[in-house]
Amino acid sequence: QVQLVESGGGQVQAGGSLRLSCTASGSTFGGYTVAWFRQAPGEEREYVSDTRWTVGTTHYADSAKGRFTLSKDRSYGAIYLKMNSLKVDDTAVYYCAVGRPIQSTRTSPRAYYYWGQGTQVTVSS
């Protein structure tokens, strides 16, 4: 069992930056793919970024490319999502998740077993 806790959300003006954090308890990220998703009101949960905890390429949704950076701190057991040049459309609850998806399913929420409680990001114009 992995318990995930996100933090770092908040309210920011368009063009600003935030860094989200996700830590695990009960187990570690080892062996898993770790990912960020987001969900805006009335919308489906949307993939943002993922990477394997050990080795592997980091992937991004088109909406995140060039603006968001997923990073890992293995010594601390945390993942981060640095978000720059935020837009109003980035407003959502952001979730970290872990699972063992195959390549074709890594952008699907159904491929992830454990989820954090989410952290709200609000971008105002």
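Thresholds, definitions, all that
Residues numbered from 1 in each chain as written. Predicted model: local features only at pLDDT ≥ 70, side-chain atom pairs only at ≥ 80, totals over all residues. Heavy atoms only, no water. Disulfide = S-S within 2.5 Å. Helix = DSSP H or I, 4+ residues; strand = E, 2+ residues; numbered from the N terminus. Buried < 20%, exposed > 50% of the residue type's maximum accessible area, 1.4 Å probe, protein only. Core = buried A, V, L, I, M, F, W, Y, C linked by side-chain atoms within 4.5 Å. Contact = heavy atoms within 4.5 Å.

As for the state of the cysteines
All told, the structure shown has one disulfide when counted by the stated rule. Note on cysteine connectivity: C22 is disulfide-linked to C96, with sulfurs 1.9 Å apart. Its S-S torsion of about 55° marks the bond between C22 and C96 as right-handed, since a negative value means left-handed. Linking C22 in strand β3 (residues 18-25) with C96 in strand β9 (residues 92-99), this pair joins segments that are 74 residues apart in sequence. With respect to burial, C22 and C96 carry one shared label: buried.

Section: the nonpolar core
Membership of the largest hydrophobic core comes to 26 residues, with the highest contact counts inside it found for W36, L81, M83 and Y94. Among the elements that make up this core, the one with the highest residue count is β9 (four residues). Those residues in contact with Y94 that sit more than four places away from it in its chain are E6, L20, F37, R38, V48, F68, L81, M83, G118, T119 and V121. Counting seven residues, the second-largest nonpolar core is a separate cluster that includes A35, F37, Y47 and A61.

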